[in-house]
Each structure stands twice: as structure tokens, then as C-alpha cells.
Amino acid sequence: MTTRVWDYLAEYEQERDDILDAVDTVFRSGLLVLGESVRGFEREYADYHGVRHCVSCDNGTNAIVLALRALGVGPGDEVITVSNTAAPTVIAIDQVGATPVFVDIRPDDYLMDTSQVEAAITSRTKCLLPVHLYGQCVNMAPLEALAAKHDLALLEDCAQSHGARHHGRLAGTMGDAAAFSFYPTKVLGAYGDGGATITNDDQVEANLRRLRYYGMEKQYYVTSTPGHNSRLDEVHAEILRRKLTRFDSYLAARRRVADRYAEGLADTSLVLPSITPGNDHVYYLYVVRHPKRDEIIERLEAYDIMLNVSYRWPVHTMSGFAHLGYETGSLPVTERLADEIFSLPMYASLSEDVQDKVISAIREVLATI
Ligand SMILES: *Cc1c(COP(=O)(O)O)cnc(C)c1O
């Protein structure tokens, strides 16, 4: 059987009775949209993070769109982020009419180089948007200081970092708001699309609730501005509630997989993930690096192992973002790493047998490359 970087079927077999019961619970509830499951999940997800509010929505991209709008970011504003991210981070900034401004990444953890942020701030900067990519957090203290000094909003993109900790603090609890995705592959994944924003700010929460519901505070009257139809489905909310009760076991399983890779690949020419001091990594992706990346990926296909690159094309080099005006060469660390990084299979239900097959295939390929 083909081995991929992600697969949910083993987990579904283990959890099938509970997942089907979740679906049946919703279908029998009599309320299919914004009902008890969404309310319950929002309460439980806020409680997990120890924050006042969680407002769910239909996907992670829209969680960022809604959060930016709820924080007052719009046309003419600049948002500082990174180019080494999932394109949706930047698409969301574009969709609210703001301009993304990129800083480079660090060569060790591949995350935002926060020492470059102050120089990127202009009179139009409205928001800092760090991306806790791959499952560990950006160095937040300098960003918190800059946000306070320059009166900027601080929005965390937590789509890849559910449950990650930074000097003991949970990802998503360090800024003014944080956006999550529950796309199936994510560390906490639904059986379809989903997203949420968490915040301690009552005004931001009120804005989020209005904006995800057409801009209405009550049926059927749009108040300050037209909004979106961006609701989390009851079925996915109920599935997420069930999975949240098992969430710590998913994190433990991902860390076990990471430990086994670290052991099985330690003495090879692969550069393994580097954990920045103060971070607890949740390993959404297990990202390694090698100058012969493309050849390794191609040779592993003969073993029926299909790997991925996250991300092969930095956002600023994509033709769809040519209007931003970035030249190739403008973000040298981002561009260099994009040619060398790739992801190994990583998910909570990955079996030791399959992982051993992956490790020995990689070792064979590396020995002859
Ligand atoms: C997945 C992801 C998103 C978008 O989430 P969707 O639910 O797919 O819309 C945004 N940012 C990052 C970093 C992601 O990984």
C-alpha cells in the first residue's frame, strides 16, 4: 500500500463508532446550523486554551480573514508576515484589501526572523501576523514588544500548531487573537473543513460573531458592515468535540513518531527538525532538509512512498502574487530552504511498521545518493 505524508483511515477505524455517533447526535438534534455542538465546541476549545472566547467558522483561511477584519485591518493597511507559509495566510491578507509585507525566516527553525520586523514597520503597518509553522512557535517576546511600542494588532496563525507551547504558553494565547484551521490533516482535524478564532477581547469576539453571520447581530438585519457566511458545520463541531477529548493522546503519538525518526535517521546526511529552546513542538509536519531533495523524493517513489514539500514555492515567488512586487532573491533564506526541505509521513495513527519501512527506505536511498 502507498505510504503518504498523511492518512486518516487507521484513525477512522479506531474511532469509527464515536464519529458515527457524533454524526447521528447532530442529525437527531433538530438544529443543523449554529446549534448545541458548535456552542459546546466553542466553549470547550476556549477552555482548553484558558481564553474567554472561541468563535468557530468554516475554514482556517476565513478564520484569518474574519480575525483581520475583527481587529480592524482593511484596505490600505500593511500586515507583516512570512513568505514561507501556506498560501492561505497571504490570501487572507489580500482578501481584506490589506498588503502583505514579508520578512525572511531563520535558517534553523524556518520561522519568522523577528529581528527583521522592526525595519519593516511603516506608518501603514496595522498588524503583525506570525505563523507558527510546522508545529512550533515563533519567538513571540520581540513581537509582543513591537506590537505594544507601535500600537499594532498581533494575530497568530495557529493552523499548524494546535497544542504547541512557547515558554509554557499555548499557541494562540499570546496575541490579540489567533486563527486555527481544522482541515482534516491538521493536528486537530475535522472530517471536512473547519476553522476558529480565539481571543480574550470582548469587542473582537462580538465583531467575529457578527462577521461570520452575514454581518448580522440578529435575524435578519445587517448592522455596521456586511459580513460573510462562514459558519462551522454542526457535524464537524460535534466530531471536533469528541476528538478534543483525545487531543493529548494525538500529541503524544506525534511526539513518539518524531522521536523514532530522530533515532532512526540521526546518523544520516538529512538535517532533522531543530527545536528552538522554550518550544514544545507538536509536529504537524516532520520537515527535513537535504541538498538532493528532489532526487530523494523521486527515488522513494520506487518504494511506494510519496512525500510532500511544504512549501516548494515561497508565496512571494508565485505568479499570483506578482502584484506584490517582490523580486526573486529578496528573501534569500526562504528561497534557499524552499529548494531543500521536504516532509516525512507524520500523523498520530502512523504505525511503527510503516514508519520503519520509511526509515529503512530513506537510509537505503541516502547510502547511494
Ligand atoms: C492550513 C493552513 C491555513 C488555511 O486553513 P484552511 O482550513 O485550509 O483554510 C492557513 N495557514 C496555515 C499556516 C495553514 O497551514
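Up top you'll find the structure we're talking about.
Keep in mind that this is a model prediction, so the values were computed, not measured. (Residues numbered from 1 in each chain as written. Predicted model: local features only at pLDDT ≥ 70, side-chain atom pairs only at ≥ 80, totals over all residues. Heavy atoms only, no water.)

(A) Fine view of the overall build of the protein chain. Within the protein chain, the secondary structure is distributed over twelve helices and 16 strands. For the protein chain, the C-alpha radius of gyration of 21 Å lies close to 21 Å, the compact-globule estimate for 369 residues. Seen through its principal axes, the protein chain has C-alpha atoms that stretch 65 × 55 × 35 Å. Of all 369 residues assigned to the protein chain, the portion counted as buried reaches 56%. A separation of at least 24 residues holds for 70% of the contacts in the protein chain among residues at least 6 apart in sequence. (Helix = DSSP H or I, 4+ residues; strand = E, 2+ residues; numbered from the N terminus. Rg over C-alpha atoms; globule rule 2.2 N^0.38 Å. Buried < 20%, exposed > 50% of the residue type's maximum accessible area, 1.4 Å probe, protein only. Contact = heavy atoms within 4.5 Å.)

(B) Just the site of the ligand, in detail. Close to the ligand lie 15 residues; G60, T61, Q160, S181 and K186 are nearest. Interatomic distance of 2.9 Å between a side-chain N/O atom of D157 and a nitrogen atom of the ligand. Take K186: an N or O atom from its side chain is 2.6 Å from an oxygen atom of the ligand. Here the ligand, which alone exposes 380 Å², has 91% of that area covered by the protein. A majority-of-atoms criterion places the ligand in the largest pocket. Listed by contribution, the elements that provide at least two residues to the shell around the ligand are α3 (60-70) and α4 (87-95). Residue contributions to the shell around the ligand peak at three residues, all from α3. Looking at side-chain class alone, the shell around the ligand contains six nonpolar, seven polar and two charged residues. (Near = heavy atom within 4 Å. Polar contact = N/O pair within 3.5 Å; in protein donor to acceptor, adjacent residues only side chain to side chain. Areas by Shrake-Rupley, 256 points an atom, 1.4 Å probe, with all protein chains shown as cover. 1 Å grid on protein atoms, 1.4 Å probe; cavity = no way out; pocket = protein on both sides within 12 Å on 5 of 7 lines; lining within 4 Å. Sits in = over half its atoms within 2 Å of the grid points. Nonpolar A, V, L, I, M, F, W, Y, C, P; charged D, E, K, R; others polar.)

(C) Region of the structure containing the sheet that holds strand β10 (residues 195-199). One open sheet holds the seven strands; their spatial order is β2-β10-β9-β6-β5-β3-β4, and the pairing between them is mixed. Across the chains shown, the open sheet's two edge strands, defined by having one partner strand only, are β2 (53-57) and β4 (99-103). Going from strand to strand, the sheet's axes swing by 30 degrees on average, the running direction of each strand aside. Pairing geometry for strand β3 (residues 78-82) and strand β5 (residues 125-128), over three bridges, is parallel. (Pairing = 2+ DSSP bridges. Axes fitted to C-alpha atoms, helices over the stretch in contact; angles between N-to-C directions.)

(D) Main features of a nonpolar patch on the surface. A cluster of nonpolar side chains, namely F27, L32 and V33, defines an oily patch on the protein surface of about 310 Å² accessible area. Mapping V33 onto the fold places it in the loop between α1 (9-27) and α2 (36-49). With relative accessibility at 44%, the residue V33 sits in the partly exposed group. (Patch = residues over 30% accessible without salt bridge, like charges linked within 9 Å, V, L, I, M, F, W, Y side chains within 5 Å. Salt bridge = Lys/Arg side-chain N within 4 Å of Asp/Glu carboxyl O.)

(E) Just the pairing of β3, in detail. Counting buried residues along β3, five of its five residues qualify, which places the element largely inside the surrounding structure. One ladder, built from five bridges, connects β3 with β4; its direction is parallel. In the sheet register, T81 faces β4, and the bridge partner there is F102. Handedness of the crossover is the feature at issue here: the chain leaves β3, passes through α4, returns alongside β4, and the resulting connection is right-handed. (Right-handed = clockwise from strand over helix to strand, strands pointing away.)

(F) Geometry of empty space enclosed by the protein. Summed over the entire model, instances satisfying the criterion amount to one cavity of 30 Å³ or more. Looking at the largest cavity, its volume works out to about 70 Å³. Lining the largest cavity are D108, D109, Y110, L133, Y134, Q136, P273, S274, H281 and V287. Looking at the lining of the largest cavity residue by residue, the class counts come to five nonpolar, three polar and two charged. Taken together, domain 1 (3-104 + 111-244) and domain 2 (247-366) each give at least three residues to the lining of the largest cavity, which thus spans both. (Points joined across faces, edges and corners; volume = space filled by probe spheres on them. Domains from an automatic or database assignment.)

(G) Looking closely at unusual backbone geometry. Residue Y220 is bonded to the preceding Q219 through a cis peptide linkage, with omega at -25 degrees. Between S310 and the following residue, Y311, the backbone shows a cis peptide bond with an omega angle of 15 degrees. You can see Y311 is positioned in the loop between β15 (305-306) and α11 (332-338). One non-glycine residue, Y134, lies in positive phi territory at about 70 degrees. The residue Y134 is located in the loop between β5 and α6 (140-150) in this model. The exposure class assigned to Y134 is buried, which follows from its relative accessible area of 4%. Phi at Y214 is positive, roughly 70 degrees, even though this residue is not glycine. Its location among the elements puts Y214 in the loop between α7 (202-211) and β11 (216-218).

Without other data, these values stay purely geometric and don't point to any function.
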